Structure formats: structure tokens, C-alpha cells
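A structural walkthrough
Spelled out from the first residue to the last, the chains are:
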Amino acid sequence: MKKRILLYILTALVSLLVLLVLFLRLRYGGGQEYKDLSTAPVYTQSQLEKVIAFEEPIGNVAASKDTTQATRVFFTIHPESRPETNKLMEIVDGTAVPYPNTKFQEHFNTILGVFTDQQNRLWIIDHGNHGFDPVRVVAFDLATNTIIHEYDFPEIVAKKLSFFNDLSVSPNGKYLAVANVSFFGKKPSIAIYNLETGKSKNQLENHSSVQHEKYVPVTPTKKMRFFGGVADLLTGIDGIDFSRDGKYIYYAPMGSSGLYRVPTAVITDFTKTEEEIATSVERVANKPLSDGIRTDFAGNVYITDIEHQGVFVVTPEGKGFTLIKDKRIQWADGLSMTNGGIFYLADSDIPNQMLQSKEHIAKHAPYHIYKFKRLGMD
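Keep in mind that what you see is a predicted model, and the values were worked out from it rather than measured.

Calculation notes
- Residues numbered from 1 in each chain as written.
- Predicted model: local features only at pLDDT ≥ 70, side-chain atom pairs only at ≥ 80, totals over all residues.
- Heavy atoms only, no water.
- Helix = DSSP H or I, 4+ residues; strand = E, 2+ residues; numbered from the N terminus.
- Rg over C-alpha atoms; globule rule 2.2 N^0.38 Å.
- Buried < 20%, exposed > 50% of the residue type's maximum accessible area, 1.4 Å probe, protein only.
- Contact = heavy atoms within 4.5 Å.
- Lys, Arg positive; Asp, Glu negative; His and termini not counted.
- Charge placed at Lys NZ, Arg CZ, Asp CG, Glu CD.
- Pairing = 2+ DSSP bridges.
- Axes fitted to C-alpha atoms, helices over the stretch in contact; angles between N-to-C directions.
- Phe/Tyr/Trp six-rings, centres within 6.5 Å; stacked < 30°, edge-to-face > 60°.
- Lys NZ or Arg CZ within 6 Å of the ring centre and 35° of its normal.
- Salt bridge = Lys/Arg side-chain N within 4 Å of Asp/Glu carboxyl O.
- Polar contact = N/O pair within 3.5 Å; in protein donor to acceptor, adjacent residues only side chain to side chain.

So, about the overall build of the protein. Secondary structure assignment for the protein yields five helices and 26 strands. A compact globule built from 378 residues would reach a C-alpha radius of gyration of about 21 Å, and the protein, at 21 Å, matches this within 12%. The principal-axis extents of the C-alpha atoms in the protein amount to approximately 80 × 50 × 45 Å. Taking all 378 residues of the protein together, the buried fraction comes to 55%. Counting contacts in the protein only where the partners sit at least 6 residues apart, residues at least 24 apart contribute 55% of the total. Here the protein holds 41 positive side-chain charges and 42 negative ones, and the gap between their average locations is 6 Å.

What follows is the structure, given as C-alpha cells:
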């Protein structure tokens, strides 16, 4: 009798395991490889300068815009690496120190995206453990290093299983746009926050332009496939940025072939219907599998190429080419550009931190931030 009961239990457990594997495979698996769009790089290795080497994985990077003072550089420690103490850092005299101080780190939960705007504010987005805790945006005044704005997204916007990742603020400082990856929830969108009204709304939820096309990244380190090949890193909208004139929001799903844009006036108008917003979306160009994106003053869009260790550029005419290809880069993640035209690139080395042990993460340290000049600078 006991053997029969044990057999029933074992059979039930095996059946549950098979069902779980099937669920994961159907929901998160089945990725295909993407074509190589990279070209011979325009920049040489000497034009990519290392800014800092850090013992914990870098999340995202933000450089100050004020050209009257020395550039300040901030970065998050990637939440996927499960940081135990500090989470937001500033590089001071070549060394990373907690920002604004050590004590304040207790207020951060799972911060990743950072952005500096034209109003000399540093913005940080906390995805709140994928929406199970408050999803919050915080802004510091860089003149005083004090908090001047806080906002918790309502749950109708920041739903459970959401993932508020990269962010950008319009040049006039009125709107904040966040890429909601929603990897687990499968409801990617662009979250718009109107700083003047205090209202926010999800836009383009599950629109084709914010979804992946089942492309799985393949880096020199590994194919981003997990659990014995059951689940792939199939990621929708990730990089996002306002154009420098504020007329458009450019965005790109990681696992998609397309770079898109939508008029700011349309997507920030909460009276517009989903159809009106959707019809205003424009596919700009083909792109590599990407993470962060940033625009420059000339209308170029810089796109990190996560598979080929570099940075890709799409011109205003829609022409694409490789700007940087460098074996030092493990995963080209976030970008930030100063008003002086200097780009900062966060190398988060996702393959060596995502679902990895602390020992593995420490073994593959250090992790890096690099910088380079925008196109057209001597």
C-alpha cells in the first residue's frame, strides 16, 4: 500500500514537472537567432575609453548635462545581481561612492534605470520587484543633492509582473517616459508620467512595436537560454529616449528587428484612443538586438548592440552602421550623453550575472563603464 502511495506521489510530481517545463517552454521559450547587421566599426579601440572598473555588475549610467561644471557620472548596481548594500553610486575622483550617501541606500529597493535631464535633475526608477512592491520614480536636484520629486505609479499602470526599466525625460522637463519591459507579465508598454498634472498612463500596451519577435540574444559568452534550453531571454521594449527637440519618443524592443518612434504630442495626450496612438507609430529602421538607446543633437540614434559588443547608429535618413565594436564589452547596456557630446556606456555583462551565483558574479569582476565622443567630434 505504501509503495503504491509513493508511486502515485512520484507520478504526480513528475507530471507537475512536465507541465511546468511545457508552460515555461510555451511562454518563454522557442527563440530564434537574429541576423548580423554589424558593419566594420567607424571608431577604433582607442576611441573607447574606460571610465571605471567596479567589483559589482553595473546597471545603468547617467552623466550630468550642465556644461558649466565638471561632468558628474552616476550608475546603479544591477538589481539582477542582488546587491546587498549600495545600489546607487557616483564616480568621484575615479572612485565609486554611494549617492547621495551610504545611509540613503536603505530607501532603494530594485533600482535600475537612471537619467539626467536638462533641468539638472537625476531620475531613478525602482521597478519594485517587478511590481509586487511600489514602483517609484525619484528625482534629485544635482545642485543640492536632495530629493525634489517622488512619485509612486498606481497599480493600474505599474501592474504586478511589470518591469519598469529604462527611462527618459523630455527636454522641457514636463514628461517622463518609461520602458515597461514586462518580461514575466507579457504586457510590454510605454508608461508616460505627466510631471505637471501628476497623472500617468500605460500607452501602446502589447502593440507590435513594443513586443519582441522571438529573437534570443547570442553573445560571445553564451546564448541567452536558461533552464536546460526551456526558457529564452525574449525581451520587448527596452531602450527609450526623447529626441533632442522633444518632438518624438524613440524606442526599441530588445528582441525585435525594429527601431520605432511616436510623436510626443500624441503619446502624452491621455485623451487619445489606443488606435490614434497606434496609427502614429513609425518604424524608423532595422537595428541589431539592443538594450539602451540615446539620441544626439543631429538626429542620430545610438543603439547598443548586445550581440556584437558595440554600438550601432541609425542616421536621420534611416541608414544604419556600426560605430563601435570592441572585445572588452561584454553586454553593451545603457547609454547617457552629456550636452558636451560625450557618451557614457554601461557594460552590465548580463550573461555573467543573470541567474548566476554570487561566486560566479565575483569571479567575473570587474564590470565597466566606458566613454566615447559623439559622431562629428574631433
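Resuming the write-up.
Of note, Ala53 is situated in strand β1 (residues 49-54). Note on Ala53: relative accessible area 37%, which makes it partly exposed. It is 4.6 Å that separates the C-alpha atoms of Ala53 and His368, two residues lying 315 residues apart in sequence. With residues up to four places along the chain from it excluded, the contact list for Ala53 reads Pro366, Tyr367 and His368.

For the rest of this paragraph, the subject is the sheet that holds strand β23 (residues 320-325). Spatial strand order, β20-β21-β22-β23: four strands in an open sheet with antiparallel pairing. Only two strands of the sheet have a single neighbouring strand rather than two, namely β20 (290-295) and β23. Taken pair by pair, the neighbouring strands of this sheet meet at an average axis angle of 25 degrees, ignoring direction. In the sheet, strand β21 (residues 301-305) pairs with strand β22 (residues 310-314) via five bridges, with the strands oriented antiparallel. Paired with Thr304 across the bridge in β22 is Val311.

So, about the packing of aromatic side chains. One pass over the full model with this rule turns up 16 aromatic pairs. With 3.9 Å between their ring centres and 10 degrees between their planes, Tyr151 and Tyr193 make a pair best called stacked. Taken as a pair, Tyr151 in strand β9 (residues 146-152) and Tyr193 in strand β12 (residues 189-194) lie far apart in primary sequence, 42 residues in all. Like Tyr193, Tyr151 is buried. Following the ring pairs from residue to residue traces out a cluster consisting of Phe74, Tyr99, Phe104, Phe108 and Phe140. One cation-aromatic arrangement involves Lys186 over Phe183; the distance from NZ or CZ to the ring centre is 5.5 Å. Against the face of Tyr248 rests Arg261, its NZ or CZ located 3.8 Å from the ring centre.

Bringing the pattern of salt bridges into the picture now. Following the criterion strictly, the structure yields eleven salt bridges and no others. Note that Glu33 and Lys223 form a salt bridge whose closest N and O atoms lie 3.3 Å from each other. Taken together, the residues Glu33 in the loop between α1 (2-28) and β1 and Lys223 in the loop between β13 (199-203) and β14 (225-226) connect sequence positions 190 residues apart. The partly exposed category is assigned to Lys223, whose relative accessible area is 27%. Residue Lys160 pairs with Glu155 through a salt bridge whose shortest N-O separation is 3.0 Å.

As paired elements, β12 and β13 share five bridges and run antiparallel to each other. The residue bridging Tyr193 from the neighbouring strand is Ser200, located in β13. Counting the residues that bridge the hairpin from β12 to β13 gives four residues, and of these Gly198 lies at a positive phi of roughly 75 degrees.

Tracing the sequence through the fold places Ser243 in the loop between β16 (237-242) and β17 (248-253). At 2.6 Å, the side chain of Ser243 and the side chain of Asp245 are in polar contact. When residues no more than four places from it in sequence are discounted, the contact partners of Ser243 are Pro171, Tyr248, Tyr250 and Thr295.

The strand order across the open sheet built from four strands is β16-β17-β18-β19, with neighbouring strands paired in antiparallel fashion. At either end of the open sheet lies a strand with only one pairing partner, and these are β16 and β19 (282-286). Each neighbouring strand pair of the sheet contributes to a mean axis angle of 25 degrees, computed without reference to strand direction.

Inspection of the secondary structure puts Ala362 in helix α5 (residues 358-363). Separated by 306 residues in the primary sequence, Ala362 and Glu56 place their C-alpha atoms 7.3 Å from one another.

For the rest of this paragraph, the subject is the pairing of strand β6 (residues 111-116). Most of β6 sits out of view: six of its six residues are buried. The sheet contact formed by β6 and strand β7 (residues 121-126) spans four bridges and is antiparallel. Following the sheet pairing, Val114 is matched in β7 by Ile124. The turn joining β6 and β7, which pair antiparallel and follow one another in sequence, is formed by four residues; a positive phi near 65 degrees is taken by Asn120.

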